[in-house]
Amino acid sequence: MLRFRVSSIKRSVTGLVILITTVLVGLSCVVVSLSFINNIYERSLNITDQTAKLIANYSAPFMVYIQADNASRWLQTFQAIEGVLHIHLYRYEQSDDTLHFLASYYNSKEAPIPVRFDRVQELQQAVMTESYIEAAHAVKLQDSLQGYVYVRISRAAYDNARSLSLLLSFFVTTASLILSWVMSLWLRRIITRPLDYMVDRIQDIARYNHYSKTLEDFDLLELDRVAHAFNSLLHRIQQHIHRQRIAEQQASELNAELELQVEQRTEQWKRSIADLQAALDTAHQYHNELVEAKRMKSLTVLVAGIAHEVNTPVGLVVTSTSLLQDNLAALKKKFYDKSLTSKEFERYLNSFEENIDLIVRNIERTVNLISRFRRLSMDQIDVQERMVKLHKFWLDIVQSVTKSYPELAQVDIQTHIADDLTVIVAATPLEQVLTQLLQNTMQHAFAQAEHPQITLAINFTPNEEDPTRGELTIVYRDNGDGIPAEIRSEVFTPFVTTKRFMGSPGLGLHYVFNLVSVLLHGHIRHHSEEGLGTEFHLTIPVRRAPFAL
C-alpha cells in the first residue's frame, strides 16, 4: 500500500491546495489548448482541400485547350491570398497515360519547386508537414480526367495559433498558482493557528511533566475531540505513574531478596564446581590409567601370542635336536664298540632323517611366523600415493589371489565399481587390505556355503568445500559362515582365530586394521551373524584424479 509521510500540516495544506489547483487548471488548459489546436489543424487542412478543389473546378478549360499562358496569368491572381505558396497544374495525356506540366504559381517570397507528379496521385486529402500544408485534386470534365492540381499552403497560421494557445495556458496556470498560494495561506491561518497552540501546550506538559494540566476546548470539532482524548490520556498516565512507583518499590525489595539468594546460590555453585573439577581430574587420571592399562594389556597379549606361536615350533626343534643328539651318541657308542649292525645303522639313519625333517619344517614355520610378525610393522610399507583405476585394480587383486587359492575361481564375485572411478591413494596398503580380506574369506568363510558369493562396492563422496577431495567408501561382503559370537568383538585383536591349529595365527584382520587406521588414515567396522556372512565397511580419505586412466 502506497503511503506518504507528512512532515508538517502547514506545508501539507499549502502543497495540497497548490497541487490540486495546478493539476485541475493545468488539465483544463491542456484540454482547451488541444481542442483549439486540433480545430485550427482541421480548419487548415479543410482550407487547403477547398482551395485545391476551387482551382480544379476553374482550370479544366485551360487543360482541355492547353492554354498554358492563360492559366499562368489566372494563377497570378492568388497573390492576393496570403498563405498560398505554390500551385501546379499538370495536364493528363491519355495517349501515353502520362502527366505534363502546364502552368505554376509561386509566392514571391518562395523559390520554385520541382514538379510533383508522383505526389499528386498519392494525396487523397490535405496533409500537413513540418513546413507547409499540401493537397492535390483531380481535374475532370464530364467524368473524364484532364489533369491534377497541386497546392502548397503555408502553415504559419496554424503555428501562430498553437503558440498563442500555449502562451495563454502558461499565463492561466501561473495565475492559478498565485491564487492557490493565497488560498493556502488563508487555510493555514484558520486551521494551523489553534493547532500550533495545542502543540505548544502538549510540548510544555511533556517537557516539565505537568500531567495535572489539561487542554482547553477548541472551536474546531476535530481539535476539540483530540483535546478531550489527550486529557483522558493524561489522567491514565497519572494513574500509571502511581502504579509504577508502587511496582518499583516492590521490585526494589524483591531485588534485594534475590541478590541475597543469588549470593547464597553462587557460593553453593562454587563449591559444587570445585567438587566437579576434582571429580573430573580424578576421572581423567582414571582414564589415562585405563588407556595405559589397555595398552599394556594389548602389548602383553601381543607378546604372549608371539611367544606362544613361536614356542611350539621352537620346542619341537629343541625336542628333535635332543633326540637327534641321543641317537647320535648311541650310534657312536655302538660304532666304537663295533657292535653296530646294518639294520641298526639303517634304523638310526631313518630316525636322523625324520628328526632333521621335523627340525627343518619347524624352523621354516618359525621363519614364516617371524616374517608375519615383521609385516605388522607399518614403517616397512610403501605409502607413496598414485592414481588408481579402482575397477581394474580390484580385478588384478582377484586374479593374483586366485593363483594362491584356485577355489576362488568357483566363487561368484559381484563388483559394483564405476568403470571410470579413478582416485589418488596409497596403492600398496589398499592392495594389501583387499588381498587380506579375500584371503581371510577363503580361509574361514566358505566351509559350509553351497553357493559362495563375494560382493565389493566402492563409491566416492566428494567434500562440499573441495570437490576434488572426499571419502572412499568400501563395502566388502560375503555370504559365508559368519564370525562366531565368542570372538566377534575381538576380530581385530592379534592372534584371535578359529583355526590356530590349521596354520592360521590370527594376524590377518589385525593387519588390516593397522593398514586402514595408520597408513590409510581411515576407519573400518564389521557386522556378522553366524550363517549369514560377514560385512566390512571401510571409509578412506582420498583425492579424485583429474582424469580417468
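Heads up: the structure comes first, above all this text.
Computed from a predicted structure; not experimentally measured.

Go over the packing of aromatic side chains with me, naming the residues and quoting the values.
Following the criterion strictly, the structure yields seven aromatic pairs and no others. Taking the centre distance of 6.3 Å and the plane angle of 40° together, the rings of Tyr-58 and Trp-74 count as tilted. With Tyr-58 in helix α1 (residues 9–58) and Trp-74 in helix α3 (residues 68–75), this pair connects stretches of sequence that are 16 residues apart. Relative accessible area serves as the criterion here: at 52%, Tyr-58 is assigned to the exposed category. A residue is classified by how much of its surface remains accessible, and Trp-74, at 22% relative accessible area, is partly exposed.

Mind laying out the nonpolar core, listing which residues take part and the relevant values?
Leu-390, Leu-438 and Ile-474 are the most contacted members of the largest nonpolar core, which totals 47 residues. When residues of this core are assigned to their parent elements, the largest contribution, seven residues, is made by helix α9 (residues 427–444). With near-sequence residues (within four places) excluded, Leu-438 lies in contact with Trp-394, Ile-397, Val-398, Val-401, Leu-408, Ile-454 and Tyr-476. Counting residues in each nonpolar core, the second largest holds 28 residues, with Ala-71, Ile-87, Ala-135 and Tyr-158 among its members.

Help me get a handle on the pairing of strand β9 (residues 453–462), residues and values and all.
In this structure, strand β7 (residues 412–416) lies alongside β9, joined through five bridges in parallel fashion. Its bridge partner being in β9, His-416 is matched across the sheet by Ala-457. Hairpin remark: β9 followed by strand β10 (residues 469–478), antiparallel, with six residues in the connecting loop.

Describe in detail the environment of Glu-82, supporting the description with residues and values.
Its place among the elements puts Glu-82 in the loop between α3 and β1 (84–93). For Glu-82 and Asn-107, which are 25 residues apart along the polypeptide, the C-alpha to C-alpha distance reads 9.1 Å.

Here is what the cut-offs are and how they apply
- Residues numbered from 1 in each chain as written.
- Predicted model: local features only at pLDDT ≥ 70, side-chain atom pairs only at ≥ 80, totals over all residues.
- Heavy atoms only, no water.
- Phe/Tyr/Trp six-rings, centres within 6.5 Å; stacked < 30°, edge-to-face > 60°.
- Helix = DSSP H or I, 4+ residues; strand = E, 2+ residues; numbered from the N terminus.
- Buried < 20%, exposed > 50% of the residue type's maximum accessible area, 1.4 Å probe, protein only.
- Core = buried A, V, L, I, M, F, W, Y, C linked by side-chain atoms within 4.5 Å.
- Contact = heavy atoms within 4.5 Å.
- Pairing = 2+ DSSP bridges.

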